[in-house]
Amino acid sequence: MGYEKILSENVFFDNLNLVEAAEQIRLLSLAPAFSYVVTPNIDHLARVSGDRANEELKSIYKNASLSLCDSRIVDKLLRFKNKKIKEVVPGSSLTQYLFSDVLTDKDKILIVGVEQHYIDKLRGMYPRLTIEHINPTMGFINKSEEVESLIKSIESLNANYIFLSVGSPRQEVLAGKIAKSSSASGVALCVGASILFIVGAESRAPAFLQKLHLEWAYRMLQNPRRLFMRYAQNFLSLPVIYRHL
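Here's what I pulled together on the structure shown here. (Residues numbered from 1 in each chain as written. Predicted model: local features only at pLDDT ≥ 70, side-chain atom pairs only at ≥ 80, totals over all residues. Heavy atoms only, no water.)

## What to know about the environment of phenylalanine 34
Part 1 of the argument: Looking at the secondary structure, you find phenylalanine 34 in the loop between helix H1 (18-30) and strand E3 (35-38).
Part 2 of the argument: Residue classification places phenylalanine 34 among the buried residues on the basis of a relative accessible area of 13%.
Part 3 of the argument: For the pair formed by phenylalanine 34 and serine 182, sequence separation is 148 residues and the distance between their alpha carbons is 8.5 Å.
Part 4 of the argument: What phenylalanine 34 contacts, discounting residues up to four positions off in sequence, is Ile162, Ala175, Ile178, Ala179, Ala184, Ser185, Gly186 and Ala188. (Helix = DSSP H or I, 4+ residues; strand = E, 2+ residues; numbered from the N terminus. Buried < 20%, exposed > 50% of the residue type's maximum accessible area, 1.4 Å probe, protein only. Contact = heavy atoms within 4.5 Å.)

## Section: the pairing of strand E6 (residues 130-134)
Part 1 of the argument: Where strand E5 (residues 108-112) meets E6, five bridges bridge the pair, whose relative direction is parallel. Across the sheet, residue leucine 110 finds its bridge partner in E6, namely glutamate 132.
Part 2 of the argument: Following the backbone out of E5, through helix H6 (residues 116-125) and into the adjacent parallel E6, one traces a crossover that is right-handed. (Pairing = 2+ DSSP bridges. Right-handed = clockwise from strand over helix to strand, strands pointing away.)

## A word on the nonpolar core
Part 1 of the argument: Within the largest apolar cluster, 41 residues are counted, with the highest numbers of intra-cluster contacts made by Phe13, Tyr36, Val112, Ile154, Ile162, Leu164 and Leu174.
Part 2 of the argument: Excluding residues within four positions of it along the chain, leucine 174 makes contact with Val112, Phe140, Ile141, Leu150, Ile151 and Leu164.
Part 3 of the argument: The next biggest cluster of nonpolar side chains, apart from the first, holds 35 residues, and it includes Leu16, Phe99, Val114 and Val199. (Core = buried A, V, L, I, M, F, W, Y, C linked by side-chain atoms within 4.5 Å.)

## Quick word on the packing of aromatic side chains
Part 1 of the argument: Under the counting rule described, the total for this entry stands at three aromatic pairs.
Part 2 of the argument: Summarising the aromatic geometry, the rings of phenylalanine 99 and phenylalanine 163 are spaced 5.2 Å apart at their centres and angled 40 degrees between planes, so their arrangement reads as tilted. One end of the pair, phenylalanine 99, is in helix H5 (residues 91-102); the other, phenylalanine 163, is in strand E7 (residues 161-164), and 64 residues separate them in sequence. Across the pair, exposure class does not vary: phenylalanine 99 and phenylalanine 163 are buried alike.
Part 3 of the argument: Feature note: the residues Phe99, Tyr126 and Phe163 constitute an aromatic cluster, connected by ring pairs. (Phe/Tyr/Trp six-rings, centres within 6.5 Å; stacked < 30°, edge-to-face > 60°.)

## Notes on the sheet that holds E3
Part 1 of the argument: With parallel pairing, the six strands of this open sheet are ordered in space as E4-E3-E8-E7-E5-E6. Each edge of the open sheet is held by one strand with a lone partner, namely strand E4 (66-67) and E6.
Part 2 of the argument: Contacts from H5 reach E5, E6, E7 and strand E8 (187-190), with the element oriented near 150 degrees to E7.
Part 3 of the argument: Each of E5 and E6 is contacted by H6, which is oriented at about 175 degrees to E6, the strand it contacts most. (Axes fitted to C-alpha atoms, helices over the stretch in contact; angles between N-to-C directions.)

## Considerations on unusual backbone geometry
Part 1 of the argument: Backbone torsion omega between serine 168 and proline 169 reads 10 degrees, so that peptide bond is classified as cis.
Part 2 of the argument: Mapped onto the secondary structure, proline 169 falls in the loop between E7 and helix H8 (170-179).
Part 3 of the argument: Of note, asparagine 158 is a non-glycine position whose phi angle comes to about 55 degrees, a positive value.
Part 4 of the argument: Relative to the helices and strands, asparagine 158 is located in the loop between helix H7 (144-157) and E7.

## Observations regarding the environment of glycine 200
Part 1 of the argument: Tracing the backbone shows glycine 200 in the loop between helix H9 (194-199) and helix H10 (207-211).
Part 2 of the argument: In this structure the C-alpha to C-alpha distance between glycine 200 and leucine 122, which are 78 residues apart in sequence, comes to 9.8 Å.

## Focus: the packing of H7 against H8
Part 1 of the argument: It is at 11 Å that the axes of H7 and H8 come closest, and there the two elements cross at 65 degrees. Relative to H8, the element H7 lies roughly perpendicular. As H7 packs across H8, the resulting crossing turns out to be right-handed. When H7 is examined against H8, the residues Val147, Leu150, Ile151 and Ile154 are found in contact with a partner set consisting of Leu174, Lys177 and Ile178.
Part 2 of the argument: Considered class by class, the residues forming the contact of H7 with H8 number six nonpolar, no polar and one charged. (Parallel < 35°, antiparallel > 145°, perpendicular 65-115°, else oblique. Left-handed = near helix turned anticlockwise from the far one by under 90°. Nonpolar A, V, L, I, M, F, W, Y, C, P; charged D, E, K, R; others polar.)

Shown next, in the form of structure tokens:
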């Protein structure tokens, strides 16, 4: 495709800036075969590094059509190994750019996850776009019949942009399962809470905290009960993550 891939033991990173990544995603959206995009960060890498690595997730990350670095801390660790990426491309920034500058009224967009009232707000913000919506139940990824039904619904809607907003690693696992379907099409993006950022339901860290690599701390302070232990475990995983980059 004419751009560098930065390889590590468990994942790879496509060496693209935001605009270049969006252009590649646009091209993927026009292709006849299904593809998916992942945005690994520290939390993701902790799951695929070390002796307790999740082999299913490893395979999913390695088979992605596009893999973009979503973490300034990962960027720093890569630089310590003399692996330099052009630009960190957070999933939230990528999603915002796609909605603001790339998606058109000719595209069919599907969002999987997110509560209905947020989708209504998103449609109000982008009235020219055709936005379909499916919100699976809690714990759906462990219900084989619901996963199968969800994939059939995704296939039938035939969207060329599919935003998987059901949290990690559920969204990556779902992308991997869709990829195994011979009749799927479009490009799926594993974007977590990115839609919530667009509609203002959640806020990103101020720019100066992002530059200081402290966006994780800002998010943790917003929801300490859910995120404190996760980030503490990720911190303890940094030596293992670095060893496998």
